[in-house]
Amino acid sequence: MMSSKAHSSNNIANARRTVQQLRIEASIERIKVSKACADLMSYCSEHARSDPLLMGIPASDNPFKDKKPCTIL
Amino acid sequence: VLNFKYRGSPLIPEMATQEVQLNETLAHLKTESETLKSKLEEERAKLHDVELHQVAEKVEGLGQFVMKTRRTLKGHGNKVLCMDWCKDKRRIVSSSQDGKVIVWDAFTTNKEHAVTMPCTWVMACAYAPSGCAVACGGLDNKCSVYPLSLDKNENLAAKKKSVAMHTNYLSACSFTNSDMQILTSSGDGTCALWDVESGQLLQSFHGHAADVLCLDLAPSETGNTFVSGGCDKKANVWDMRSGQCIQSFETHESDINSVRYYPSGDAFASGSDDATCRLYDLRADREVAIYSKESIIFGVSSVDFSLSGRLLFGGYNDYTINVWDVLKGTRVSILFGHENRVSTLRVSPDGTAFSTGSWDHTLRVCDDCYFLSNLTTLQPRVTFLVTSCNVCCFSLFFFFLSDLGLRMRTQRMKW
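Residues numbered from 1 in each chain as written. Chains lettered and ligands numbered in written order. Predicted model: local features only at pLDDT ≥ 70, side-chain atom pairs only at ≥ 80, totals over all residues. Heavy atoms only, no water.

(A) Structural detail: the overall build of chain B. On a plain count of helices and strands, chain B comes out with four helices and 28 strands. Here the C-alpha atoms of chain B give a radius of gyration of 28 Å, more than 25% beyond the 22 Å that 2.2 N^0.38 yields for 415 residues. Across the 415 residues in chain B, those meeting the buried criterion constitute 52%. Look at the contacts in chain B between residues 6 or more apart in sequence, and 44% of them connect residues 24 or more apart. If you sum the accessible surface of chain B, you get close to 19,500 Å²; carbon and sulfur atoms cover 55% of it. (Helix = DSSP H or I, 4+ residues; strand = E, 2+ residues; numbered from the N terminus. Rg over C-alpha atoms; globule rule 2.2 N^0.38 Å. Buried < 20%, exposed > 50% of the residue type's maximum accessible area, 1.4 Å probe, protein only. Contact = heavy atoms within 4.5 Å. Areas by Shrake-Rupley, 256 points an atom, 1.4 Å probe, with all protein chains shown as cover.)

Written as structure tokens, this is what we have:
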């Protein structure tokens, strides 16, 4: 059975850790959401052409497509 | 403020004073903690000038997608819990509740290797970057590495290497950039980094208040961090070298089952039992999008991005896969096919397909039905081919009609 003093010390250690963690998180540098979103959007558009699930790829290049006699129809 | 509440009565007056001092410090720390939390919220809110879908209004919409199942992998005797792609874009490793780990060739659907683990519920599996080994674990609280031999008859279990040891179940594992290190997450509330060769613990990550359910490593260009999600509803971003938690996000309303980095490494998505997927931007340090619908009430088990980050795939407990437009926040496709929960989902390394594993004992490989979903964005040569085909058909039709008309006129003249 822990003495009440040891129990309080544990609580204090935990509380100290929480405060330290919060200090670290509060102090990081942040950018505006508008800027962050603009960057996400430009990454999407830069890489859209080479995204097979987004653009689709010709049946001849897709190893998972079943070979069909006519790829146009 | 002095706090006089304490358990038991101290025998010596000095102990009473110390007790009171400790309680003062505790109260003081708690106040500071509350102050810091509000400051954090304030700082984050200051930069919240706009929503992602507002910024994305000027982006062209995607229209509806038609996804099709191309392969069904049958062979597991019970629920499929986890899967991973090999870097060669054709092999898949999967693990199941029945204790089996299977390596498949997804092109041919052949089983290349099978291992029976000493435990059931193999909740985690991963392919090594070299393609020469797989890691797996679950209720055995361990993560073991099996080198894959070219000889199909060789007993893989004989070469098994135990790497990680947790004090509760293994929920996820991932090799880092090489076959030499493995990152694990566990029901014991911690994540850990291990050296494969020696089994030595290199770094441990403490901070979650409950089971850690998932993890994902940042794309190699963005440095040594990873994100984890847990039953404490938190997603934490960690520095792999120091073991420090550098950012924490707590906006989900239930367990976070899956986390996945956006391809640029500047953001990550999460899927939760609260039936939503969310996008968190690391540089803005906040949630920037929620992917949800009133009609979707079942939890998300697994999420992954397409190569450009424009599409987010989510596997749900209502047996479906929902595909979201990451920028606009709308759903662009829904896939049916599995006969039970979708438990795991990964996009292939080259982005041509995605694979899902389910409690219905099967895995499926799906892709984008090219022709139907891209009528507005056809590649030029196919557009040319389709147009010329149409022109030919119409010309033939007109010739046929005029020929028929001529014949009829000739017929009438004969009469």
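Past the structure itself, the notes keep going.
(B) Region of interest: the overall build of chain A. The secondary structure content of chain A amounts to three helices and zero strands. Each of the 73 residues in chain A was classed as buried or not, and the buried ones make up 38%. Taken as a whole, chain A presents about 4,400 Å² of accessible surface, with 55% of it coming from carbon and sulfur.

(C) Layout of the interface of chain A and chain B. Across the contact, 49 residues belong to chain A and 74 residues belong to chain B. Of all residues in chain A, Arg30, Leu53 and Phe64 of chain A bury the most surface against chain B, accounting for 16% of the area lost on that side. Linking chain A with chain B are three salt bridges. Here chain A and chain B share 12 residue pairs in polar contact (both at pLDDT 80 or more) between them. Listed by contribution, the elements that provide at least two residues to the side of chain A that touches chain B are helix H1 (4-26), helix H2 (33-47) and helix H3 (52-55) of chain A. At 17 residues, H1 of chain A tops the list of elements feeding residues into the side of chain A that touches chain B. Among the residues making up the side of chain A that touches chain B, the classes are represented as 26 nonpolar, 12 polar and 11 charged. (Buried area = accessible area lost by both parts, 1.4 Å probe. Salt bridge = Lys/Arg side-chain N within 4 Å of Asp/Glu carboxyl O. Polar contact = N/O pair within 3.5 Å; in protein donor to acceptor, adjacent residues only side chain to side chain. Nonpolar A, V, L, I, M, F, W, Y, C, P; charged D, E, K, R; others polar.)

(D) Layout of the UniProt feature "repeat: WD" (unreviewed entry) in chain B. Residues and elements named next belong to chain B. In the UniProt entry, the feature "repeat: WD" (unreviewed entry) is given for residues 73-114, 163-204, 205-248, 249-290, 300-334 and 335-365. For residues 163-204, the end-to-end C-alpha separation is 14 Å, with 0% helix and 57% strand making up the annotated structure. With 0% helix and 60% strand, residues 300-334 has end C-alpha atoms that lie 14 Å from one another. (UniProt positions renumbered as here; feature names shortened; annotations may be inferred.)

(E) Broad picture of the pairing of strand S16 (residues 235-239) of chain B. All names here are of chain B. Summarising burial for S16: four of the five residues are buried, a large majority. Looking at chain direction, strand S15 (residues 225-230) and S16 are connected through five bridges and run antiparallel. Residue serine 228 lies in a different strand from S16, and its bridge partner there is asparagine 236. Strand direction decides the pairing type here: S16 and strand S17 (residues 245-249), joined by four bridges, are antiparallel. In the sheet register, asparagine 236 faces S17, and the bridge partner there is serine 248. (Pairing = 2+ DSSP bridges.)

(F) Layout of the domain arrangement of chain B. On domain assignment, one finds that chain B holds domain 1 (65-372) and domain 2 (375-414). Taking only C-alpha atoms into account, the centre of domain 1 of chain B sits 52 Å from that of domain 2 of chain B. (Domains from an automatic or database assignment.)

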